[in-house]
Amino acid sequence: MNLVLLGPPGAGKGTQAKRLVDKYNLVHLASGDILRAQRAASTDLGRQVAGYMDAGELVPDELVTQVILDRIKDVISCQQAGGFLLDGFPRTVTQSQDLDSALEEARSRIDAVLDLCTDRELTISRLTGRRSCPACGAVYHLSSIAPKVAETCDRCGGKLVHRSDDTEQVVQQRLEVYQQQTAPLEQYYQQRGLLRQIDGNLDIDQVSRQIEQVLVELAGT
Ligand code: AP5
């Protein structure tokens with residue numbers, strides 16, 4: 001099963017992805033995580049994408065698409081996982097078209113696009129309060145999912161960080177960019193019969209239950 005998680009910054013894509021990959025043995029391909037790892041390793045790509053990410057702009061398609069498509073091809077050719085879960089990719093219509101072409105060539109396809117529809121004000125408060133662990137990837141929130149010890153990961157003891165693009169000003173810009181460049185994908189996938197809308201405003205367990213429902217329906221078709 002190959003899935004795409006769509007939704008604005010702070011909709012809860014990463015949070016739901018962690019649950020889904022364990023349950024369905026999927027490979028989690030999160031474009032933001034992949035780009036942040038390139039930055040942390042100071043690669044050429046990492047240096048090229050840093051300015052765009054810090055400003056809340058999308059990285060140009062030509063820098064991001066091939067990196068993700070190569071990972072997808074690896075997953076398909078290994079045949080060890082139950083499929084892949086895309087989180088943060090595609091983000092433009094051009095990325096979607098390139099993804100479709102690559103999957104067609106590999107005789108694969110997307111089974112569903114889970115669209116976490118979430119109100120703007122809620123996503124802003126989720127992101128400005130988010131703290132992440134760069135060591136193990138755990139995600140917290142200062143008020144709703146606070147770590148037991150301030151600024152410290154419960155799971156691995158790593159020091160939590162506030163992402164540089166999670167300030168209110170940059171989050172506002174990311175939301176604008178989402179509306180302009182990524183929201184048109186809803187229509188793109190609606191026309192292909194793949195879009196499944198999920199209420200992302202609900203609590204984490206309620207969102208998970210809606211997704212489960214969709215996946216059960218999908219398995220029955
Ligand atoms: P990326 O890292 O992909 O960021 P994003 O899409 O903006 O998504 P986030 O990670 O901010 O949010 P999320 O939906 O995963 O929320 P989370 O689960 O963490 O991209 C960053 C940048 O990289 C982009 O701006 C761009 O520059 C570049 N980039 C990446 N991909 C690209 C591409 N394909 N093309 C071009 N550029 C690209 O949850 C957020 C918080 O809310 C957490 O604290 C969590 O605990 C909490 N929370 C989650 N769900 C709930 C809930 N249901 N109720 C209450 N709290 C919740």
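Up top is the structure.
Everything numeric in this text was worked out from a predicted model, so none of it was measured.

Thresholds applied
- Residues numbered from 1 in each chain as written.
- Predicted model: local features only at pLDDT ≥ 70, side-chain atom pairs only at ≥ 80, totals over all residues.
- Heavy atoms only, no water.
- Salt bridge = Lys/Arg side-chain N within 4 Å of Asp/Glu carboxyl O.
- Helix = DSSP H or I, 4+ residues; strand = E, 2+ residues; numbered from the N terminus.
- Buried < 20%, exposed > 50% of the residue type's maximum accessible area, 1.4 Å probe, protein only.
- Pairing = 2+ DSSP bridges.
- Axes fitted to C-alpha atoms, helices over the stretch in contact; angles between N-to-C directions.
- Contact = heavy atoms within 4.5 Å.
- Near = heavy atom within 4 Å.
- Polar contact = N/O pair within 3.5 Å; in protein donor to acceptor, adjacent residues only side chain to side chain.
- Areas by Shrake-Rupley, 256 points an atom, 1.4 Å probe, with all protein chains shown as cover.
- Nonpolar A, V, L, I, M, F, W, Y, C, P; charged D, E, K, R; others polar.

Caption draft 1: Expanded view of the pattern of salt bridges. Here the structure, examined in full by the defined rule, presents twelve salt bridges. Across the salt bridge formed by R19 and D205, the nearest N and O atoms sit 2.9 Å from each other. Residue R19 is located in helix α1 (residues 13-24), and its partner D205 is located in helix α9 (residues 204-219); the two are separated by 186 residues in the primary sequence. Here D205 falls in the partly exposed class, since its relative accessible area comes to 40%. The partner of R109 in a salt bridge is D111, and the shortest N-O contact between them spans 3.4 Å. The exposed category is assigned to R109, whose relative accessible area is 57%.

Caption draft 2: Local environment of the sheet that holds strand β7 (residues 195-199). If you trace the five strands from one edge of the open sheet to the other, you get β2-β3-β1-β4-β7, paired in parallel fashion. Two strands bound the open sheet, and with one partner strand each, they are β2 (27-30) and β7. Taking each pair of neighbouring strands and ignoring which way they run, the sheet shows an average axis angle of 20°. Of the pairings in the sheet, the one linking β2 to strand β3 (residues 84-87) comprises four bridges and is parallel in character. Across the sheet, the residue bridging to V27 is F84, located in β3. On top of the sheet, α1 reaches β1 (3-6), β2, β3 and β4 (112-117); it is set at about 175° to β3, its chief contact. Across the sheet, α9 touches β1, β4 and β7, and the angle it forms with β7 is around 155°.

Caption draft 3: Here's a closer look at the side chain of Q16. Along the chain, Q16 falls in helix α1. Excluding residues that lie within four positions of it along the chain, Q16 makes contacts with L116, I204, V207, S208 and I211.

Caption draft 4: Quick peek at the site of the ligand. Residues in contact with the ligand amount to 35 residues; listed here are only the nearest, T15, S31, E57, R130 and R174. Here an oxygen atom of the ligand and a backbone polar atom of G12 are 3.0 Å apart. At 2.9 Å from an oxygen atom of the ligand is found a side-chain nitrogen or oxygen belonging to R36. Notes on the ligand: free accessible area 1100 Å², of which the protein chains cover 94%. Contributing elements (two or more residues each) for the shell around the ligand: α1, α2 (31-40), α6 (120-128), β6 (139-141) and α9. Considering each element in turn, the shell around the ligand owes the most residues, four residues, to α2. Class assignment of the residues belonging to the shell around the ligand gives a composition of 16 nonpolar, nine polar and ten charged.

All quantities given are derived from atomic positions and should not be read as evidence of function.
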